Amino acid sequence: TPACSPSGDGCGFTPADLQSRYKLAPYLQNGSGTIVAVIEEGDASDALSDLKTYRTKFHLGKPKFAKYNQKGEKSDYPSDCSRFDWCVETELDIEMVSASCPKCTIYLMESDGTIAGLEAAETHAVTLGATLLSNSWTCYISWTCGDPNLPNHFKAPGVLYLASSGDYGHNYIGAPAALDTVVAVGGTQLTKKG
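Residues numbered from 1 in each chain as written. Predicted model: local features only at pLDDT ≥ 70, side-chain atom pairs only at ≥ 80, totals over all residues. Heavy atoms only, no water.

*Asks:* Please give an account of the overall build of the chain that cites residues and values.
*Replies:* A tally of helices and strands in the chain yields 4 helices and 6 strands. What you see in the chain, going N to C, is helices and strands ordered as α-β-α-β-α-β-α-β-β-β. Computed over C-alpha atoms, the radius of gyration of the chain comes to 16 Å, within 12% of the 16 Å expected from 2.2 N^0.38 for 194 residues, which places it in the range of a compact globule. Each of the three principal axes of the chain carries a C-alpha extent, and together these read 50 × 40 × 35 Å. Relative to its 194 residues, the chain shows a buried fraction of 43%. As displayed, the chain has an accessible area near 10,300 Å², and 54% of this comes from carbon and sulfur atoms. A gap of 12 Å separates the mean positions of the 15 positive and 22 negative side-chain charges of the chain. (Helix = DSSP H or I, 4+ residues; strand = E, 2+ residues; numbered from the N terminus. Rg over C-alpha atoms; globule rule 2.2 N^0.38 Å. Buried < 20%, exposed > 50% of the residue type's maximum accessible area, 1.4 Å probe, protein only. Areas by Shrake-Rupley, 256 points an atom, 1.4 Å probe, with all protein chains shown as cover. Lys, Arg positive; Asp, Glu negative; His and termini not counted. Charge placed at Lys NZ, Arg CZ, Asp CG, Glu CD.)

*Asks:* So what's going on with the packing of aromatic side chains? Which residues, and what values?
*Replies:* In total, this model carries 6 aromatic pairs according to the counting rule given. Ring centres 6.4 Å apart and planes at 50° place the aromatic pair W137 and F154 in the tilted group. Highlighted residues: W137 in the loop between β4 (132-135) and β5 (160-164) and F154 in the loop between β4 and β5, separated in sequence by 17 residues. What links up through ring pairs into an aromatic cluster is the set W137, F154 and Y161. For K57, the ring lying beneath its charged end belongs to F58, and the centroid distance is 5.7 Å. Against the face of Y77 rests K67, its NZ or CZ located 4.2 Å from the ring centre. (Phe/Tyr/Trp six-rings, centres within 6.5 Å; stacked < 30°, edge-to-face > 60°. Lys NZ or Arg CZ within 6 Å of the ring centre and 35° of its normal.)

*Asks:* Now, about the packing of helix α1 (residues 15-22) against helix α3 (residues 87-100): what can you tell me, with residues and values included?
*Replies:* The interhelical angle for the contact between α1 and α3, taken along N-to-C directions, is 65°, at an axis separation of 8 Å. The hand of the α1/α3 crossing is right-handed. Residues P15, L18 and Q19 of α1 form the contact with α3, whose own contacting residues are M96, A99 and S100. The class makeup of the residues in the contact of α1 with α3 is 4 nonpolar, 2 polar and no charged. (Axes fitted to C-alpha atoms, helices over the stretch in contact; angles between N-to-C directions. Left-handed = near helix turned anticlockwise from the far one by under 90°. Contact = heavy atoms within 4.5 Å. Nonpolar A, V, L, I, M, F, W, Y, C, P; charged D, E, K, R; others polar.)

*Asks:* Got a sec to walk through the pattern of salt bridges? Specific residues and values, please.
*Replies:* Considering all chains together, one arrives at 1 salt bridge under this definition. Among the ionic pairs, D43 bridges to K67, the shortest N-O distance being 2.7 Å. Of this pair, D43 sits in the loop between β1 (35-41) and α2 (47-57) while K67 sits in strand β2 (residues 64-69), and the two are 24 residues apart along the sequence. For the pair D43 and K67, one class covers both residues: buried. (Salt bridge = Lys/Arg side-chain N within 4 Å of Asp/Glu carboxyl O.)

*Asks:* Give a detailed account of the sheet that holds β4, specifying residues and quantitative values.
*Replies:* Strand order across the open sheet formed by 6 strands is β2-β3-β1-β4-β5-β6, with parallel pairing between neighbours. Two strands close off the open sheet at either side, each with one partner strand: β2 and β6 (182-185). Each strand of the sheet is rotated relative to its neighbour by a mean of 20°, with strand direction disregarded. Two strands pair when backbone bridges link them, and β4 and β5 are joined in this way by 4 bridges, in the parallel orientation. Paired with L132 across the bridge in β5 is L160. Across the sheet, α3 is in contact with β1, β2 and β3 (105-111); its angle to β1 comes to roughly 170°. (Pairing = 2+ DSSP bridges.)

*Asks:* With reference to specific residues and values, describe the pairing of β4.
*Replies:* Alternating positions in β4 separate into two faces, L132 and S134 on one and L133 and N135 on the other, with burial throughout. By the bridge criterion, 4 bridges tie β1 to β4 in an arrangement that is parallel. Considered in β4, the bridge of V38 is made with S134.

*Asks:* Help me get a handle on the nonpolar core, residues and values and all.
*Replies:* Core analysis: the largest hydrophobic core is formed by 41 residues, its most contacted members being A37, I39, I94, M109, L133 and W137. Going through the elements one at a time, β1, α2, β2, α3, β3, α4 (115-127), β4 and β5 are the ones with two or more residues in this core. Tallying contributions element by element places β1 first for this core, with 5 residues. F13, L18, Y54 and L60 belong to the second largest nonpolar core, which has 5 residues in total. (Core = buried A, V, L, I, M, F, W, Y, C linked by side-chain atoms within 4.5 Å.)

In structure tokens form, the structure reads like this:
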């Protein structure tokens, strides 16, 4: 990450930086009509207001955003994300989707943190129309997360599943990133120039 300026204006990569490096817009038809579901643990009650602040700072316009529980309902959310230590992860994920694809619709799918809850969130995201699902969670060194039925939640036709390869290197990869129907996403190094 680039060094932060004292004013805070030069800290990190901007949406324009990410869009120019990854060139995702042509593949996502600039985001119009694309629904990206972000599968998370716990309730981020300030997600929409924080996303609006982020988008305002970078002139990305009003977000297309909806929040659901793991059952695909806009109510009865799980416990606060701080219980799972996931609040920062949730904010980061929805902001990076927004930065990479400003015109995409973002569905925040909040699970109760159980494997069954995460599986339900996957299934309901697809039912709600998401065609790109982002998962920052992993079950280290496990191909099924303790549920032999887990791979069946990552097989919807026409859906692109992305999942974190984890924080500990290739020897610790697990599901869902290890599934053959999922794109495993690892770290990337970018520079501001070059």
